[in-house]
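# Survey of secondary and tertiary structure
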Amino acid sequence: MTKPIIEVQNLAKSFGKNAVLKDITEQVDPGQVIVVIGPSGGGKSTFLRCLNLLETPTSGHVAFNGEDLTTLDTKRVNELREEMGMVFQSFNLFPNMTVLENIKLAPMKVKGLSDAQATQRAHELLQQVNLDDHADAFPTSLSGGQAQRVAIARALAMDPKVMLFDEPTSALDPEMVGEVLNVMQELANQGMTMVVVTHEMGFAKSVADRIWFMADGFIQENSTPADFFAHPKTERAQDFLSKIL
Ligand code: ADP
Ligand code: MG
């Protein structure tokens, strides 16, 4: 049996009196693509942020590669966090650096790659996201779809074991959604382990191994896409799907 790469056990997270995550126990196996869907405000972003301890759980455990993040010191948490790439709705590129410099920064600073090594790797990644001709551009000159692909390349530059995506296409004009989803699909095809929060149901259907439907602080359903979309079990999911499909 393969060892899970992420294990979440009885995870709960409250902000003051607002219990956002109530009791979540799930696991992600290496190479799996998990798509998390659910209503706005249901705790999806909070959940993703708990996976790499950008949010500290109120209770419960999150283990990465067998190490319980909730029991580790800050130094080790930071090391493990480097193995989890994260891509947000807003691209968060450094505006004063070129595309190439954005991608090279962390590998050089954190991983100790030489300038030449980091440059070579950055060009490989830019080819992967079809943007090598924009290596010397500044972020402000890019379209949203291009900027998000750079953000993905930048996350990949740290050679993460897992990629976390929080609504990566929600801020994009419709005509740019496809180019970003294509890059994500290729990444999935290459075997990357991914946890993706998205409202793109086409992507969920065709790329996800499992759908996690999250609402009211729980994963209400954990199903294959075929099962989830054809036979949602809970009323909560049926209601959600009736509104979006
Ligand atoms: P989703 O991503 O599913 O839309 P979120 O995880 O962003 O949901 O938010 C879930 C709930 O947690 C919301 O009620 C939101 O206001 C609350 N919340 C999220 N982050 C914080 C925070 N840093 N401080 C206080 N409340 C927060
Ligand atoms: Mg969110």
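Structure's up top.
Since the structure is predicted, the reported quantities are computational estimates derived from the model, not experimental observations.

### Considerations on the site of ligand 1
Surveying the vicinity of ligand 1 reveals the residues Phe-15, Asn-18, Val-20, Pro-39, Ser-40, Gly-41, Gly-42, Gly-43, Lys-44, Ser-45 and Thr-46. In the environment of ligand 1, an oxygen atom lies 2.8 Å from a nitrogen or oxygen atom belonging to the side chain of Lys-44. Considered on its own, ligand 1 offers 560 Å² of accessible surface; in the complex 58% of this is hidden by protein. Counting only elements with at least two residues in the shell around ligand 1, the list comes to strand S2 (18-28) and helix H1 (44-51). Tallied by class, residues from the shell around ligand 1 come to 3 nonpolar, 7 polar and 1 charged.

### Overview of the sheet that holds strand S1 (residues 6-15)
Pairing is antiparallel across the open sheet formed by 4 strands, whose spatial order is S2-S1-S4-S5. Each of the sheet's edge strands pairs with one partner strand only, and the pair in question is S2 and strand S5 (67-68). In this structure, strand S4 (residues 59-64) lies alongside S5, joined through 2 bridges in antiparallel fashion. Bridged to Ala-63 within S5 is Asp-68. Contacting S1, S2 and S4, H1 crosses the sheet at an angle of about 125 degrees to S1.

### Some thoughts on the sheet that holds strand S6 (residues 84-87)
Read from one edge of the open sheet, 6 strands run S6-S7-S8-S3-S9-S10, paired in mixed fashion. If you trace the sheet from one side to the other, it starts and ends with S6 and strand S10 (218-223), each paired once. Between one strand axis and the next, the sheet turns through 15 degrees on average, direction left out of account. With 4 bridges joining them, strand S3 (residues 33-37) and strand S8 (residues 193-197) adopt parallel strand pairing.

### Digging into the pairing of S8
A large share of S8 lies buried, amounting to 5 of its 5 residues. Judged by which residues are buried, S8 turns out to be covered on both faces: Thr-193, Val-195 and Val-197 on one side and Met-194 and Val-196 on the other are all buried. The pairing of strand S7 (residues 162-166) with S8 spans 5 bridges and is classified as parallel. Residue pairing across strands places Asp-166 opposite Val-197, the latter belonging to S8. With respect to chirality, the unit in which S7 leads through helix H6 (residues 174-189) into the neighbouring parallel S8 is right-handed.

### Re the packing of helix H5 (residues 144-156) against H6
As a packed pair, H5 and H6 sit with axes 8 Å apart at the nearest point and diverge in direction by 20 degrees. Between H5 and H6, the interaxial angle falls into the category roughly parallel. Like other packed secondary-structure pairs, H5 and H6 cross with a definite hand, here right-handed. Seen from H5, the contacting residues are Gly-144, Gly-145, Gln-146, Gln-148, Arg-149, Ile-152 and Leu-156; seen from H6, they are Met-176, Glu-179, Val-180, Val-183, Met-184 and Leu-187. A breakdown of the residues in the contact of H5 with H6 according to their chemical character gives 7 nonpolar, 4 polar and 2 charged.

### A look at the pattern of salt bridges
Overall, the coordinates contain 13 salt bridges when judged by the stated rule. For Glu-83, the salt bridge goes to Lys-161, with nearest N and O atoms at 2.4 Å. Here Glu-83 is found in the loop between helix H2 (74-81) and S6, whereas its partner Lys-161 is found in the loop between H5 and S7, with 78 residues between them in sequence. What emerges from the salt-bridge pattern is a single network uniting Glu-67, Lys-75, Arg-76 and Glu-79.

Scoring rules and cut-offs
The residue numbering used here restarts from 1 in each chain and proceeds along that chain's sequence as written. Lettering of chains starts at A and numbering of ligands starts at 1, both following the order in which they are written. Predicted model: local features are reported for residues with pLDDT of at least 70 only, side-chain atom pairs are reported and counted for 80 or more only, and whole-chain, interface and lining totals are derived from all residues. Side-chain numbers come from the whole structure's heavy atoms, not from hydrogens or water. Throughout, the term near means that a residue has one or more heavy atoms lying within 4 Å of the molecule or strand in question. Nitrogen and oxygen atoms within 3.5 Å of one another constitute a polar contact, given that in protein one can donate a hydrogen and the other can accept it, and given that sequence-neighbouring residues count only through two side-chain atoms. Per-residue and other accessible areas were derived by the Shrake-Rupley procedure at a 1.4 Å probe size, with only the shown protein chains allowed to occlude residues. Helix numbering and strand numbering both begin at the N terminus, where a helix is a DSSP run of H or I of at least 4 residues and a strand a DSSP run of E of at least 2. Amino acid classes used here: Ala, Val, Leu, Ile, Met, Phe, Trp, Tyr, Cys and Pro are nonpolar; Asp, Glu, Lys and Arg are charged; the rest, including Gly, are polar. Each pair of strands is called paired provided DSSP finds at least two bridges between the two strands. What makes two residues a contact is simply this: any of their non-hydrogen atoms within 4.5 Å. Axes, fitted as lines to C-alpha atoms, cover a helix only where it is in contact. Angles between the N-to-C directions of the axes lie from 0 to 180 degrees. Categorising residues by exposure relies on relative accessible area from a 1.4 Å probe, with only protein chains included: less than 20% of the type maximum marks a residue as buried, more than 50% marks it as exposed, and the intermediate range marks it as partly exposed. Convention used here: a crossover is right-handed provided that the path from the first strand, over the helix, to the second strand proceeds clockwise when the strands point away from the viewer. Any angle between 65 and 115 degrees counts as roughly perpendicular, while under 35 counts as roughly parallel, over 145 as roughly antiparallel, and the rest as oblique. By convention the crossing between two helices is left-handed if the near helix lies anticlockwise of the far one by an angle smaller than a right angle, and right-handed if it lies clockwise. We count a salt bridge whenever a side-chain nitrogen from Lys or Arg sits within 4 Å of a carboxyl oxygen from Asp or Glu.

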